[in-house]
Amino acid sequence: MSGIIRLHFELPGNDLMSAGEASSSVKKKLNQLGINPAAVKKAAIAMYEAEINAIIHAGGGTLAVTITKDRINIVISDHGPGIADLDLAMQEGYSTAPDYIREMGFGAGMGLPNIKRNADRLEIKSAVGQGTTVEITVFF
Amino acid sequence: MTVAELAAKLGARILTPQANAQQEVTGVYCGDLLSWVMSHAEKGDAWITVHTHVNIVAVAVLAELACIIIPESIEVDDGTVARAKEQGVTLLGSDLKAAELCWRIYEMLR
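Just so it is clear, the model here is predicted, and its values are computed rather than measured. Note on numbering: residues in each chain are counted from 1, in written sequence order. Chain letters and ligand numbers both follow the written order, the letters beginning at A and the numbers at 1. Confidence filtering applies because this is a predicted model: local features only for residues at pLDDT of at least 70, side-chain atom pairs given and counted only at 80 or more, and all residues used for totals across whole chains, interfaces and linings.

Draft legend 1. Structural detail: the overall build of chain A. Helix and strand labels come from DSSP, where a helix needs a run of H or I of at least four residues and a strand needs a run of E of at least two; each type is numbered from the N terminus. Within chain A, the secondary structure is distributed over 5 helices and 5 strands. Along its sequence from the N terminus, chain A presents helices and strands in the succession β-α-α-β-β-α-α-α-β-β. Both definitions apply: the radius of gyration is a C-alpha atom measure, and the globule rule equals 2.2 Å times residues to the power 0.38. The globule rule puts the C-alpha radius of gyration for 140 residues at 14 Å, and the 14 Å found for chain A is close to it. Each of the three principal axes of chain A carries a C-alpha extent, and together these read 45 × 30 × 25 Å. Looking at the 140 residues of chain A, the share that counts as buried comes to 36%. Throughout, a residue-residue contact means that the two C-beta atoms, derived from backbone geometry, are no farther apart than 7 Å. Of the contacts made within chain A by residues no fewer than 6 positions apart, 63% connect residues no fewer than 24 positions apart. A residue is called partly exposed when the number of other C-beta atoms within 10 Å of its own lies between 12 and 20, exposed at 12 or fewer, and buried at 20 or more, with C-beta atoms placed from the backbone.

Have a look at this one:
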């Protein structure tokens with residue numbers, strides 16, 4: 001491929017039913033571009049987890065995707081409550097999700113660890129009361 | 001074994017007749033923690049879950065699962081069936097328990 005592809009998505013707040021639409025659409029795009037399947041799966045799963053987090057914890061947000069020849073960069077930004085203790089949030093099993101979210105099979109404290117596992121590079125910037133920005137990079 | 005063949009052997013109902021049931025089933029996975037399923041299920045697995053909400057379709061698409069099987073005669077939301085049709089994911093409904101489905105599919109694939 002040549003050039004840079006940029007995609008933008010809005011994540012509606014508290015609408016779990018629409019979660020996954022952005023990641024499914026990006027996955028389709030990467031497959032069309034002939035990117036290697038392992039990298040596509042990693043990017044799609046990391047992005048989906050981040051989508052779910054923004055919807056559950058932050059009332060939605062925005063998602064900016066940049067695809068170049070050798071990588072995909074995904075930036076998810078929200079204006080939610082922020083993460084008070086990032087080290088704790090990264091621990092598998094730690095969760096602040098409400099019960100109704102857990103009943104749906106989410107909120108088991110695996111989202112951020114799953115993003116870390118699938119991302120080749122992960123940067124999280126968060127400020128309490130201001131919001132969180134998660135930047136995921138996967139190399140092809 | 002294709003999803004259609006699997007459904008026939010299990011006596012399962014295909015809830016999304018329009019979807020492509022010719023995908024190859026290469027394994028079976030059972031689990032209800034969606035993040036766990038996404039990180040541990042393998043491409044081509046038939047996934048058994050008691051969840052019936054629309055997000056299971058996204059999990060199946062992203063983890064490249066062969067199909068979703070809802071066990072124990074659990075009724076599936078209309079919205080989930082509609083989303084599965086739209087995304088080309090085959091949803092199966094079975095009267096069997098999850099453990100029995102796992103065992104039967106495992107035996108079929110051996």
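Draft legend 2. Structural detail: the sheet that holds strand β1 (residues 13-14) of chain B. Residues and elements named next belong to chain B. Pairing between two strands is assigned when DSSP locates at least 2 bridges connecting them. The 5 strands lie next to each other as β1-β5-β4-β3-β2, forming an open sheet whose pairing is mixed. A single partner strand is all that each edge strand has here, and the edge strands are β1 and β2 (27-30). As paired elements, β2 and strand β3 (residues 45-48) share 4 bridges and run parallel to each other. Each residue of the ladder has a partner; that of Y29, found in β3, is W47.

Draft legend 3. Geometry of helix α3 (residues 55-62) of chain B. Within α3(B), 8 of the 8 residues are buried, which leaves the element mostly enclosed by the surrounding structure. Turning to α3(B), its buried residues number three or more, namely N55(B), I56(B), V57(B), A58(B), V59(B), A60(B), V61(B) and L62(B). Close packing links the buried residues of α3(B) with α1 (21-32) and α2 (37-58) of chain A together with α2 (34-40), β3, β4 (67-70) and α4 (78-87) of chain B.

Draft legend 4. Layout of the environment of A50(A). Residues and elements named next belong to chain A. Its place among the elements puts A50 in helix α2. Sequence spacing of A50 and D120 is 70 residues, and the spatial spacing of their C-alpha atoms is 15 Å. Once you skip the residues sitting within four places of it in the chain, A50 turns out to touch I76, I115, V134 and I136.

Draft legend 5. Looking closely at the interface of chain A and chain B. Opposite the 20 residues of chain A that make contact, chain B presents 16 residues. Put simply, the parts of the chain that give the side of chain A that touches chain B at least two residues each are α1, α2 and α5 (111-118) of chain A. Taken together, the residues of the side of chain A that touches chain B sort by class into 10 nonpolar, 6 polar and 4 charged. Note that Gly is not counted as nonpolar here; it falls among the polar residues with everything else outside the nonpolar set of Ala, Val, Leu, Ile, Met, Phe, Trp, Tyr, Cys and Pro and the charged set of Asp, Glu, Lys and Arg.

Draft legend 6. Focus on the packing of α3(B) against α4(B). Residue and element names in this part refer to chain B. To define axes, lines are fitted to C-alpha atoms, for helices over the stretch in contact only, and angles between the resulting N-to-C directions are given on a 0 to 180 degree scale. Following both chains from N to C, one finds α3 and α4 inclined at 25°, their axes separated by 8 Å at the closest point. Regarding the angle of α3 to α4, the classification is roughly parallel. For the pair α3 and α4, the sense of crossing is right-handed. Across the interface between the two elements, I56, V57 and V61 of α3 pack against T80, R83, A84 and Q87 of α4. Of the residues assigned to the contact of α3 with α4, the class counts are 4 nonpolar, 2 polar and 1 charged. Angles are sorted into four bins: roughly parallel if under 35 degrees, roughly antiparallel if over 145, roughly perpendicular if 65 to 115, and oblique for all others. Handedness of each helix crossing follows the sense of rotation of the near helix against the far helix: counterclockwise by less than a right angle gives left-handed, clockwise gives right-handed.

Draft legend 7. Here's a closer look at the pairing of strand β4 (residues 121-127) of chain A. Residue and element names in this part refer to chain A. Of the pairings in the sheet, the one linking β4 to strand β5 (residues 131-139) comprises 7 bridges and is antiparallel in character. The residue bridging K125 from the neighbouring strand is T133, located in β5. What sits between β4 and β5 in their antiparallel hairpin is a turn of 3 residues, with G129 showing a positive phi close to 85°.

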